[in-house]
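One-letter residues, chain by chain:
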Amino acid sequence: RSLASCIFCKIIKSEIPSFKLVETELSYSFLDIGPLSKGHAVIIPKYHGEKLHDIPDEYLTDAMPIAKKIAQALGCVDYNILQNNGEISHQVVKHVHFHVIPKPNAEEGLIVGWPQQKPTMDELKAIHEEIKTRL
């Protein structure tokens, strides 16, 4: 499944050039043209879906071994695998994608704020039960 107006679907079809790294029947990966660090790569399923829950499992299963291969090829000691869902979660291209972002030092790569909450054990128990009933 693809979307004619999607930039990532166009990259998969070679309508837009890319610096391809790994391609399988289900996935396509390439260097990010706006990298956060040297070797920053993107992995996209060859199935158009805006959010993770829109993508069939076999495409998701194919993507993570590619992320691992890229991280190993880059010789990364520290790195992030990032996948955002929705505009307020910082998703810019509305096609599921995974970033492999090397973290060579404190200044380069992904910089993350982590506004940790402090729920009570009772609140955690209630959230846990709610989620379990939906799984």
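Structure's up top.
These numbers were taken from a predicted model, which means no experiment stands behind them. Every chain is numbered on its own, with residues counted from 1 as its sequence reads. In keeping with the predicted nature of the model, local features appear solely for residues at pLDDT of at least 70, side-chain atom pairs appear and are counted solely at 80 or more, and the whole-chain, interface and lining totals rest on all residues. Computation of side-chain values: all heavy atoms of the structure, hydrogens and water removed.

A. Structural detail: the environment of alanine 63. Runs of H or I in DSSP of at least four residues are treated as helices and runs of E of at least two as strands, each being numbered from the N terminus. Assignment of secondary structure puts alanine 63 in helix α2 (residues 57-74). Between the C-alpha atom of alanine 63 and that of phenylalanine 98, which follows or precedes it by 35 residues, the distance is 8.0 Å. Any two residues whose heavy atoms approach within 4.5 Å are treated as being in contact. Setting aside anything within four residues of it in sequence, one finds alanine 63 in contact with Ser27, Ile43 and Phe98.

B. Representation of the side chain of lysine 103. Tracing the sequence through the fold places lysine 103 in the loop between β5 (98-102) and α3 (121-134). Between buried and exposed lies partly exposed: a residue is buried under 20% and exposed over 50% of the maximum accessible area for its type, with that area taken using a 1.4 Å probe on protein chains only. Neither His nor the chain ends contribute to the count of charged residues, in which Lys and Arg are positive and Asp and Glu negative. Every case where a carboxyl oxygen of Asp or Glu lies within 4 Å of a side-chain nitrogen of Lys or Arg is listed as a salt bridge. Buried charge without a partner: lysine 103 forms no salt bridge, and the closest opposite charge is glutamate 107, 7.7 Å away. Two N or O atoms form a polar contact when they lie within 3.5 Å of each other; inside protein one atom must be a possible hydrogen donor and the other a possible acceptor, and for residues adjacent in sequence the pair counts only when both atoms belong to side chains. Within the local environment of lysine 103, its side chain forms a polar contact with the backbone oxygen of alanine 106, the two atoms lying 3.3 Å apart. Polar contacts involving the side chain of lysine 103 include one to the main-chain carbonyl oxygen of leucine 110, which spans 3.0 Å. With residues near it in sequence (within four places) discarded, lysine 103 still touches Asp78, Tyr79, Asn80, Glu108, Gly109, Leu110 and Ile111.

C. Representation of the pattern of salt bridges within the structure. This model, assessed by the stated rule, comprises four salt bridges. A salt bridge links glutamate 129 to lysine 132, with the nearest nitrogen and oxygen atoms 3.8 Å apart. Of this pair, glutamate 129 and lysine 132 both sit in helix α3, three residues apart, which is roughly one turn of the helix. Here the salt bridges do not stand alone but share partners, grouping Lys20, Glu23 and Lys46 into one network.

D. Quick look at the pairing of strand β2 (residues 27-31). Most of β2 sits out of view: four of its five residues are buried. Think of it this way: DSSP has to see at least two bridges between two strands before they count as a pair. The antiparallel hairpin formed by strand β1 (residues 20-23) and β2 contains three residues in its connecting segment. Both β2 and strand β3 (residues 41-45) contribute to a ladder of five bridges, which runs antiparallel. Residue pairing for β3: tyrosine 28 is matched across the bridge by isoleucine 44.

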